[in-house]
Amino acid sequence: AIFRGTVNKVTLNSKNQTLECVVYDYIYNICQDGVYYNFKGMSAFDCICKMFDDLQVPYKYSGVLGGTDGQDSCVRINHIIKNKSAYDTIMAIATECHQQFGYYYYIYMDIAGNVNVTPCDKYWSKQTIRTSSVNRVDGNVIDVIFLQLQKA
């Protein structure tokens, strides 16, 4: 299998120790790739899982719209997606779910490296994944931690 994210090598220095870390960032891939899909009557859950499978992005079934049993995961999607990022596509699917159930959604990578799309409140839904000035995506917990440690 080909890793389709970015690999960031970070060296953390303290008074007594130097630690070199390698971070595998799958969120970067979601923001960069142009995807093409014809979602015709598929559930929101199946649409997102298909994209994650095609992009080889790790996820847990329960982390995508509450899993196969989540009420928002069964919303039927009928869209043709052409040359959009997977992130934009997921947000379009989340908008369909929002219109039916009123939930907001947040995309993040958990500490185990799985990408999740989960319901959240309005504040967290506005915390977007964005590209920083050093051409890295800084929208997940791992990057934020390393950016803060680098500044210290």
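Residues numbered from 1 in each chain as written. Predicted model: local features only at pLDDT ≥ 70, side-chain atom pairs only at ≥ 80, totals over all residues. Heavy atoms only, no water.

1. A closer look at the overall build of the protein chain
Right, so step 1: Each helix and strand counted, the protein chain has five helices and six strands in total.
Right, so step 2: When each of the 152 residues of the protein chain is scored for burial, the buried share is 43%.
Right, so step 3: Partitioning the intrachain contacts of the protein chain with sequence separation of at least 6 by distance along the chain shows that 57% fall at a separation of at least 24.
Right, so step 4: Accessible area of the protein chain: about 8900 Å², with a carbon and sulfur share of 50%. (Helix = DSSP H or I, 4+ residues; strand = E, 2+ residues; numbered from the N terminus. Buried < 20%, exposed > 50% of the residue type's maximum accessible area, 1.4 Å probe, protein only. Contact = heavy atoms within 4.5 Å. Areas by Shrake-Rupley, 256 points an atom, 1.4 Å probe, with all protein chains shown as cover.)

2. Re the packing of aromatic side chains
Right, so step 1: Under the criterion given, the structure shown has six aromatic pairs.
Right, so step 2: Look at tyrosine 106 and tyrosine 108: their rings are 5.5 Å apart centre to centre, the planes differ by 20°, and that puts the pair in the stacked class.
Right, so step 3: The partly exposed category is assigned to tyrosine 108, whose relative accessible area is 24%.
Right, so step 4: Through pairs of rings, three or more aromatic residues link up here, namely Phe45, Phe52, Tyr59 and Tyr61. (Phe/Tyr/Trp six-rings, centres within 6.5 Å; stacked < 30°, edge-to-face > 60°.)

3. Some details on the packing of helix 2 (residues 44–54) against helix 3 (residues 86–101)
Right, so step 1: Two numbers describe how helix 2 lies on helix 3: the axes approach to 10 Å, and their chain directions differ by 170°. For the element pair helix 2 / helix 3, the angle class is roughly antiparallel. Counted together, Ala44, Cys47, Ile48, Met51 and Phe52 of helix 2 and Ala86, Thr89, Ile90, Ile93 and Cys97 of helix 3 form the full contact between these two elements. (Axes fitted to C-alpha atoms, helices over the stretch in contact; angles between N-to-C directions. Parallel < 35°, antiparallel > 145°, perpendicular 65-115°, else oblique.)

4. Describing the side chain of asparagine 116
Right, so step 1: Turning to its location among the elements, asparagine 116 is positioned in strand 6 (residues 115–120).
Right, so step 2: You can call asparagine 116 buried: its relative accessible area is 3%.
Right, so step 3: Separated by 3.3 Å, the side chains of asparagine 116 and aspartate 110 make a polar contact.
Right, so step 4: If we skip the residues at most four places from it in the chain, asparagine 116 touches Lys60, Gly63, Tyr106, Ile107, Tyr108 and Asp110. (Polar contact = N/O pair within 3.5 Å; in protein donor to acceptor, adjacent residues only side chain to side chain.)

5. Regarding unusual backbone geometry
Of all residues except glycine, most have a negative phi; of all peptide bonds, most are trans.
Right, so step 1: A positive phi angle, near 55°, is found at leucine 65, a position not held by glycine.
Right, so step 2: The topology assignment puts leucine 65 in the loop between helix 2 and strand 4 (76–85).
Right, so step 3: Taking the relative accessible area as the measure of exposure, leucine 65 reaches 1% and is therefore buried.
Right, so step 4: Positive phi is not limited to glycine here, since asparagine 83 has a value of about 55°.

6. Some details on the confidence of the model for the protein chain
Right, so step 1: For the protein chain, per-residue confidence averages 75 on the pLDDT scale, and residues scoring 70 or more make up 73% of the total.
Right, so step 2: Low pLDDT, under 50, characterises residues 131–152; the stretch is placed with 37 contacts to residues that sit more than four places away or in other chains. (pLDDT = per-residue confidence, 0-100.)

7. A look at the nonpolar core
Right, so step 1: Within the largest apolar cluster, 32 residues are counted, with the highest numbers of intra-cluster contacts made by Phe52 and Val115.
Right, so step 2: At the level of secondary structure, the elements contributing two or more residues to this core comprise helix 1 (27–32), strand 3 (34–43), helix 2, strand 4, helix 3, strand 5 (104–109) and strand 6.
Right, so step 3: Ranked by residue count, the leading element in this core is helix 2, at seven residues. (Core = buried A, V, L, I, M, F, W, Y, C linked by side-chain atoms within 4.5 Å.)

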